[in-house]
Amino acid sequence: MTSDTRAETYDRLREEIFSVVSGETYLPARLATTACLLSEAFSPRFFWTGFYVVDPDKPEELVVGPYVGTLGCLRIPFGKGVCGACAASGEPQLVEDVHAFPGHIACDSRSNSEIVLPVRWPDGRLAAVLDVDSTDYAAFDTVDQAGLEAICDQLLSV
Ligand code: SME
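The model shown is predicted, which means the values in this text are computed figures rather than measured ones.

### So, the sheet that holds strand S4 (residues 93-95)
- Reading across the sheet, the six strands line up as S3-S2-S1-S6-S5-S4 and stay open at both edges, with antiparallel pairing between neighbours. The sheet is open, and its two edges are formed by strand S3 (75-77) and S4, each paired on a single side. The average angle at which neighbouring strand axes cross in this sheet is 25°, direction not considered.
- Where strand S5 (residues 113-120) lies against strand S6 (residues 126-134), eight bridges are found, and the strand directions are antiparallel. In the strand pairing of S6, Ser113 is matched with Ser134.
- Of the strands in this sheet, strand S1 (48-55), strand S2 (58-68) and S6 touch helix H2 (residues 27-42), which is tilted by about 160° from S1.
- The strands touched by helix H3 (residues 81-89) are S1, S2, S3, S4, S5 and S6; relative to S5, the strand with the most contacts, the crossing angle is about 30°.

If you want it as structure tokens, here you go:
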């Protein structure tokens, strides 16, 4: 897939996701729909596609949410691994080689690269992180980051 085709796929997916979830107020339904459509569109490059949600009872801890992929770890403290780094900093993480990332959590040893982005409530608080893993090294680039960011930025406000 060329970069242009991927950017177009992200645009189409964004419209599709928002048309399906429009009016849906149950968070897991929005997240599950997004994980499903992203995973289907980019299989097999997207080996694990899903969300870690901020635990309302433990605000410094992520708990696994809807995902498509092999068994994921249940809980990740803020600051730990790639997802925890995204949650703690609020910044996207684009990691070409997860084995070189300090504190990386290897839920599945087949994952070699990863992209993680924040998902925020309309008031700006962190709701979850979107985590996508690939078995390829350096599978994700700025086209993926921009496409996924556009989806995450609007996911809880449309
Ligand atoms: N690799 C992640 C943990 C989550 S799994 O890959 C599903 C991390 O270090 O944050």
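Read on for the rest.
### Points about the site of the ligand
- Contacts to the ligand come from Trp48, Tyr52, Ile76, Gly81, Val82, Cys83, His104, Ile105, Cys107, Glu114, Asp131 and Asp133.
- One of the backbone N or O atoms of Val82 is found 3.1 Å from an oxygen atom in the ligand.
- Within the side chain of Glu114, one N or O atom sits 3.1 Å away from a nitrogen atom of the ligand.
- For the ligand, whose unbound accessible area comes to 310 Å², protein coverage reaches 98%.
- Among the elements of the structure, S1, H3 and S6 are those that each provide at least two residues to the shell around the ligand.
- The element contributing the most residues to the shell around the ligand is H3, with three residues.
- Taken together, the residues of the shell around the ligand break down into seven nonpolar, two polar and three charged.

### Regarding the environment of Ile151
- By secondary structure assignment, the location of Ile151 is in helix H4 (residues 142-154).
- Between the alpha carbons of Ile151 and Asp97 there is a distance of 24 Å; along the sequence they are 54 residues apart.
- With sequence-adjacent residues up to four places away left out, Ile151 is seen in contact with Tyr10, Arg14, Ile17, Phe18, Thr34 and Leu38.

### Some details on the state of the cysteines
- Scanning the entire structure with this criterion turns up one disulfide.
- A sulfur-sulfur separation of 2.0 Å characterises the disulfide bridge that pairs Cys73 with Cys107. Between Cys73 and Cys107 the disulfide shows an S-S torsion of about -115°. By sign, it is left-handed. Here Cys73, found in the loop between S2 and S3, pairs with Cys107, found in the loop between S4 and S5; they are 34 residues apart in sequence, far enough to count as distant.
- Accessibility expressed as a relative area gives 36% for Cys107, which makes it partly exposed.
- You can see Cys36 has no disulfide; the closest cysteine sulfur is in Cys152, sitting 16 Å from it.
- Taking relative accessible area as the criterion, Cys36 reaches 36% and is therefore assigned partly exposed.

### A short note on the pattern of salt bridges
- All chains considered together, the criterion is met by ten salt bridges.
- Here Asp11 makes a salt bridge to Arg14, at a shortest N to O gap of 3.2 Å. Of this pair, Asp11 and Arg14 both sit in helix H1 (residues 3-21), three residues apart, which is roughly one turn of that helix.
- Residue classification places Asp11 among the partly exposed residues on the basis of a relative accessible area of 38%.
- Look at Arg14 and you get partly exposed, because its relative accessible area is 22%.
- For the salt bridge of Arg75 with Glu61, the shortest nitrogen-to-oxygen distance reads 2.9 Å. You can see Arg75 sitting in strand S3 and its partner Glu61 sitting in strand S2, a full 14 residues away along the chain.

Criteria and cut-off values
- Residues numbered from 1 in each chain as written.
- Predicted model: local features only at pLDDT ≥ 70, side-chain atom pairs only at ≥ 80, totals over all residues.
- Heavy atoms only, no water.
- Pairing = 2+ DSSP bridges.
- Helix = DSSP H or I, 4+ residues; strand = E, 2+ residues; numbered from the N terminus.
- Axes fitted to C-alpha atoms, helices over the stretch in contact; angles between N-to-C directions.
- Contact = heavy atoms within 4.5 Å.
- Near = heavy atom within 4 Å.
- Polar contact = N/O pair within 3.5 Å; in protein donor to acceptor, adjacent residues only side chain to side chain.
- Areas by Shrake-Rupley, 256 points an atom, 1.4 Å probe, with all protein chains shown as cover.
- Nonpolar A, V, L, I, M, F, W, Y, C, P; charged D, E, K, R; others polar.
- Disulfide = S-S within 2.5 Å.
- Buried < 20%, exposed > 50% of the residue type's maximum accessible area, 1.4 Å probe, protein only.
- Salt bridge = Lys/Arg side-chain N within 4 Å of Asp/Glu carboxyl O.

Purely geometric stuff here, so don't read any function into it on its own.
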